[in-house]
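For reference, the chains in residue letters:
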Amino acid sequence: MEDNRNILLEVKHLKTSFFTQAGEVKAVDDVSYYIKKGEIIAVVGESGCGKSVTQMSVMQLVQSPPGKIVGGEVIFEGQNLLEYDRNSPEMRAVRGAGIAMIFQEPMTSLNPVFKIGTQLSEVIMIHKKVDKKTAWEEGIKALEAVGIPDAKSRMENYPFQMSGGMRQRVLIAIAVACGSKLIIADEPTTALDVTTQAQVMELLQSLVKTYGTSILMVTHNLGLVTRYAERVYVMYAGKVIESGTTEDILMHPVHPYTKGLLNSVPKLDASDEERLVAIKGQPPRLSELPSYCAFYPRCPYACEECKQGYPILEEVGPNEHFCACWMKNKEVAHAE
Amino acid sequence: MTSYIIKRVLASIAVIFIVSIFVFSIIHLLPGDPVVMALGLETPMEDIERVREEHHLNDPLPQQYITWIVEMFHGDFGDSLIEFRPVADIIKERLPRTLAIGIPAFVLGILLGLLIGIVSAVRRGKAIDQTLTFFTTLSIGTPQFWIGMLLLYLFSIKLHWFPMRNLVMPGESILGYLRSATLPIICSCLQMMGSISRQTRSNMLEVISQDYIRTARANGISEKTIVYKHALKNALIPVVTVIGMNLRNIIAGAVLIENIFSIPGIGVTMTNAINNRDYWVLQGCVLIVSFIAVFGNLVVDILYGYIDPRIREARG
Amino acid sequence: MASSEDLKLRRKKNMEQFFRIFFGRGIIVKICLVIAVFFIIVAVFAPVIAPHDPTATDPMNRYLPMGSEDHLFGTDRYGRDVLSRLIHGARTSLTCSLFATLWSAVVGSTLGIIAGYYEGWLGKLILRYVDIQLSVPALILSMVLAVILGSNMFAISIVLGIGAIPGYIRMAYSNVISIKENDYITATRLIGQKNRKIMFRHLFPNCFASLIVIFTMSLGQVIMVESSLAYLGVGLNEPLAAWGLMVNDGFASLMTHPSVALLPGFCIMAIVVAFNVLGDALRDALDPKLRGKL
């Protein structure tokens, strides 16, 4: 691993399960990753693969019951956050100020009955322990920092008076105002149109440059990954199945699932037959996982050997390229 | 906001106007000649005719309606056929008694309903939630006249804590009022309390699972602030509607409550007026009561706009 | 296209889920189901079950206490058997309110669907009417109507139904408004289906879940109004056995013979609560989205 002082957040063997009538559902199963200061990384995967639950676990925001973090460590700036009670003041101090989170639905992520300024300054008051007036001023500054024109009057607006992109900026402004060191962006642009998407992403990237913020994107949009992320974690059925630098993952994918994911992105330069190849089948239900590789039923390279148990992550190349696949060293896996 | 309020007020006036036509037509459908019923069957024809003339009962219906409305603007609601005195005096005398029960019941119903609803939402699934939910289900499903009777039986007849009848007005003696009004107030507020707490509970649960609550949590806002500030204000919006509807029910409930606890208020007056075909009393009372209901709805609408900025914008 | 096998399987799964949620709400729902079924059976077989003629007076045996020989629940002030009157009261109340609920459901939801579908003057007129009716306190309107229409069971059913109509109109209206803009309705419109066909083929089935729920709930509410009217003396008349009448009748002797008034009241409470709880459970099981709206 890299120099430890540079690591902002390290998640080790995190396990989160939902205990339902149908039994235990392992939504996050032994997930480890890290993010350095001022770095942008991405977690990709189909919906329902546990990528969002992982982030909610880091924040200890998983709905409980039925959800429960059953194991692992979340080390943020040297402190294991899981030692804090989920409702403790220490944990609350981390949320918003240490780690901020931006969600998929900007239209519904702000409280409809409070003014933007009220919502913004409330969080500032909590984390910076300043009075209302100061918090309001700082709120204006934060709105300006995220490129909202006419910030002063915008503070008096209600969320329904703003566009989706604007609201997403407000959510980012909260993070900026509180000096968050890490922003977890859960599908930050999925609900926005393409132009606004780019603007929001540029804004996030500029935060990295200006404030040294780290950004963790959760997404299924591989276009965003290519443009902005430095490293990528690919998740499938609650596990990380491949990780590495963006270049390695995109140019030299090892896991059949990663390859499938890349093939399912429309390419303009591809011939007609290979333009769009979807991965066969449906993502597995997390309540009905096999005791072996979860991708087995959909894997084009599946064979008897694959049924010997869960594959573990092993290094497959330089620059920390890891992959969890029984076939990874076989030629077939590398066959293009 | 001002234009929103003006719009609402105008709409309410229109509703009151139509309600007055509605009330007038329905009441004049009542079978039986009111004068004959008031004076008795043996009254000579010319006496009956004279009384009919006096009360404009021989005019065509539209003209009767217009006379009624015009005189009402001069503060004249007509005279009672039975009691031989102005309806306005009767209302002035009896409405305060109804309000002395209705207003505290209304306030108590809202406060208890909100409290129970919030507590059971916050402690959902726990023993206290189940107990309260069971209790509110009972309170919604129990007829008021029977609850009143049960209260009378337990607290007046068996325990002698409260008197059985004779409402004392707060102006006469506060203590006497408290003693005589407690049971009717409790009886009157239970159903409303139940429906408000039900609505509050289910709204709170729905709001708690919204995205913006997740945002608030992710921003490190404490659970207490989230429940009592962020969630409550959103959950209250539909509750306000229920409160408006309950104002009507409280007034309608007065008919039953006053009957059980022998309170000579508007409710009992209306019941008697229906049975005696006392047209002008009935019309006046029903209109006043409807007016209170419509006015209550107006207040609710304005509150609505105050709580929910989106409504203000859309309707304003 | 799904095969019929698939459809069958899905239907079976839906049924299973329905029953799981319906009964998953604990013992209270089961108790209420038993209560409702019990009263329905009693109502259907009232003449067979009742030990005495509910209207037969017996001046020699007035106010017999509970547990008397031959009169399990005692007798009232005319010496009529309270148990028999309770049993026949179930029949009266359920018949009246079932009829009232049925006709108001049909008329109300039809009006609501029309109001939602044609939003023009017709729709506005219907909605205005609802506002007007709701501005007059419900019980008072019912009292006046009861006096106008008379106090036999048929007339009272009409009165009760009128009181229940606004609820159905509003429910059907809001349902239609929310599904009307769905693509498939627009599609059927575009391919030129007749309005009436769209309404009854597509809109009505979509209101069905909420209709069932509100039907069950208003069954209880209507029984309550019916008994209130009878209690106030403008509803069903003596010597008919009706619970509200019995409470009214027993009120005079509350001090000396409380059971005469309290027993029928208890029956009203039991059946109203039972229908309300069942309505709640149905709502959760049929369509969880309705929670908080109905």
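What counts and how
- Residues numbered from 1 in each chain as written.
- Chains lettered and ligands numbered in written order.
- Predicted model: local features only at pLDDT ≥ 70, side-chain atom pairs only at ≥ 80, totals over all residues.
- Heavy atoms only, no water.
- Helix = DSSP H or I, 4+ residues; strand = E, 2+ residues; numbered from the N terminus.
- Buried < 20%, exposed > 50% of the residue type's maximum accessible area, 1.4 Å probe, protein only.
- Contact = heavy atoms within 4.5 Å.
- Lys, Arg positive; Asp, Glu negative; His and termini not counted.
- Charge placed at Lys NZ, Arg CZ, Asp CG, Glu CD.
- Areas by Shrake-Rupley, 256 points an atom, 1.4 Å probe, with all protein chains shown as cover.
- Pairing = 2+ DSSP bridges.
- Axes fitted to C-alpha atoms, helices over the stretch in contact; angles between N-to-C directions.
- Nonpolar A, V, L, I, M, F, W, Y, C, P; charged D, E, K, R; others polar.
- Core = buried A, V, L, I, M, F, W, Y, C linked by side-chain atoms within 4.5 Å.
- Polar contact = N/O pair within 3.5 Å; in protein donor to acceptor, adjacent residues only side chain to side chain.
- Salt bridge = Lys/Arg side-chain N within 4 Å of Asp/Glu carboxyl O.
- Buried area = accessible area lost by both parts, 1.4 Å probe.
- Phe/Tyr/Trp six-rings, centres within 6.5 Å; stacked < 30°, edge-to-face > 60°.
- pLDDT = per-residue confidence, 0-100.
- Expected span 1.5 Å × (residues − 1).
- Arc of directions from axis to C-beta.

Caption draft 1: View of the overall build of chain B. Broken down by element type, chain B carries 13 helices and 0 strands. In chain B, the order of α-helices and β-strands from amino to carboxyl end is α-α-α-α-α-α-α-α-α-α-α-α-α. Here the C-alpha coordinates of chain B stretch approximately 85 × 55 × 35 Å along the principal axes. Among the 316 residues that make up chain B, the fraction classed as buried is 55%. Residue pairs at least 24 apart in sequence account for 72% of intrachain contacts in chain B once pairs closer than 6 positions are excluded. For chain B, the distance from the average position of its 26 positive side-chain charges to the average position of its 24 negative side-chain charges is 20 Å.

Caption draft 2: Up close: the overall build of chain C. In terms of helices and strands, chain C carries 11 helices and 0 strands. Going from N to C terminus, chain C has its helices and strands arranged as α-α-α-α-α-α-α-α-α-α-α. Seen along its three principal axes, the alpha-carbon backbone of chain C occupies a region of about 75 × 45 × 30 Å. Expressed as a percentage of contacts within chain C between residues at least 6 apart in sequence, the contacts between residues at least 24 apart total 71%. On chain C, roughly 13,900 Å² of surface is accessible, and the fraction owed to carbon and sulfur atoms is 66%.

Caption draft 3: View of the sheet that holds strand β4 (residues 67-76) of chain A. Residue and element names in this part refer to chain A. Read from one edge to the other, the open sheet built from 4 strands follows the order β2-β1-β4-β5, with strand pairing classed as antiparallel. Edge strands, defined here as strands with exactly one partner in the open sheet, are β2 (23-36) and β5 (79-80). When β4 meets β5, the two strands line up antiparallel, connected through 2 bridges. From the neighbouring strand, I75 faces β5, where its bridge partner is N80.

Caption draft 4: The arrangement of the side chain of A:H255 in detail. Position of A:H255 relative to the elements: it lies in the loop between α9 (246-251) and α10 (256-263). Each residue touching A:H255, except ones within four places of it in the same chain, is listed here: A:I241, A:E242, A:F295, A:C323, A:A324 and A:C325.

Caption draft 5: Structural context of the pairing of β2(A). All names here are of chain A. Bridge count between strand β1 (residues 7-20) and β2: 11 bridges; the pairing is antiparallel. From the neighbouring strand, S17 faces β2, where its bridge partner is K26. What sits between the antiparallel neighbours β1 and β2 is a turn of 2 residues.

Caption draft 6: Molecular detail of the pairing of β1(A). Two strands pair when backbone bridges link them, and β1(A) and β4(A) are joined in this way by 8 bridges, in the antiparallel orientation. Note on β4(A): the bridge partner recorded for A:K12 is A:E73.

Caption draft 7: Representation of the packing of helix α10 (residues 223-260) of chain B against helix α6 (residues 138-149) of chain C in the model. One way to put it is that α10(B) packs onto α6(C) with a least axis distance of 6 Å and a crossing angle of 65 degrees. The segment α10(B) lies against α6(C), with B:A252, B:V255 and B:L256 engaging C:A138, C:L139, C:I140 and C:M143. Among the residues forming the contact of α10(B) with α6(C), the class breakdown is 7 nonpolar, no polar and no charged.

Caption draft 8: Broad picture of the nonpolar core. Core analysis: the biggest nonpolar cluster contains 159 residues, and B:M270, B:L282, C:Y231, C:W243 and C:L254 have the highest contact counts within it. With 17 residues, the top contributor of residues to this core is helix α11 (residues 258-286) of chain C. Other than its neighbours up to four places away in sequence, B:L282 contacts B:I27, B:L30, B:M270, B:A273, B:I274 and C:V144.

Caption draft 9: Main features of the environment of C:S218. Residues and elements named next belong to chain C. With respect to the element layout, S218 can be found in helix α9 (residues 195-232). Take S218: its relative accessible area is 12%, and that puts it in the buried class. Taking the C-alpha atoms as reference, S218 lies 19 Å from F22; in sequence the two are 196 residues apart. Residues contacting S218, with those up to four places away along its chain left out, are T101 and Y168. Reaching out from S218, the side chain makes a polar contact with the side chain of Y168 at a distance of 2.9 Å.

Caption draft 10: Inspection of the pattern of salt bridges at higher detail. All names here are of chain C. The tally for this structure, following the rule as stated, stands at 21 salt bridges over all chains. In this structure, R80 and D249 form a salt bridge, with 3.4 Å as the shortest nitrogen-oxygen distance. You can see R80 sitting in the loop between α3 (46-49) and α4 (82-117) and its partner D249 sitting in helix α10 (residues 243-251), a full 169 residues away along the chain.

Caption draft 11: View of the interface of chain C and chain B. Residue-level contacts link 43 residues of chain C with 47 residues of chain B. A buried area of about 4,000 Å², summed over both sides, lies between chain C and chain B, and 79% of it is on carbon and sulfur atoms. Connecting chain C to chain B are 1 salt bridge. Between C:D280 and B:R198 there is a salt bridge whose closest N-O contact spans 2.9 Å. Put simply, chain C and chain B have 3 residue pairs in polar contact (both at pLDDT 80 or more) between them. Sorting the residues of the side of chain C that touches chain B by element identifies α5 (121-135), α6, α9, α10 and α11 of chain C as the ones contributing at least two each. If one sorts the elements of the side of chain C that touches chain B by residue count, α11(C) sits on top with 13 residues.

Caption draft 12: Representation of the packing of aromatic side chains in the model. Tallied over the entire structure, the rule returns 18 aromatic pairs over all chains. Consider the rings of A:Y236 and A:Y257, whose centres lie 4.5 Å apart with planes at 55 degrees: the pair is tilted. Placement of the pair is A:Y236 in strand β9 (residues 231-236) and A:Y257 in helix α10, with a sequence separation of 21 residues. Both residues of the pair, A:Y236 and A:Y257, count as buried. Ring geometry for B:F155 against B:F162: centres 6.4 Å apart, planes inclined by 75 degrees, an arrangement best described as edge-to-face. With a relative accessible area of 21%, B:F155 lands in the partly exposed category.

Caption draft 13: Broad picture of the confidence of the model for chain C. Residues and elements named next belong to chain C. Overall, the prediction assigns chain C a mean pLDDT of 82, with 90% of residues at 70 or greater. For chain C, helix α8 (residues 183-190) is the element with the lowest average pLDDT, namely 68, and α4 is the one with the highest, namely 90. With a pTM of 0.81, the predicted complex shows an ipTM of 0.83.

Caption draft 14: Spotlight on helix α7 (residues 194-211) of chain A. All names here are of chain A. Between its terminal C-alpha atoms α7 stretches 26 Å, which fits the 26 Å expected from 18 residues at 1.5 Å a residue. Within α7, burial applies to T196, Q197, V200, M201, L203, L204, L207 and V208. Viewed end-on, α7 has its buried residues packed into an arc of 150 degrees, placing them on one side of the element. Counted as exposed and oriented over 90 degrees from the buried face of α7: V194, T195, K209 and T210. A side-chain oxygen of the first residue of α7 lies 3.2 Å from the backbone nitrogen of T195; this N-cap is D193. Just beyond α7, the residue with positive phi is G212, at close to 70 degrees.

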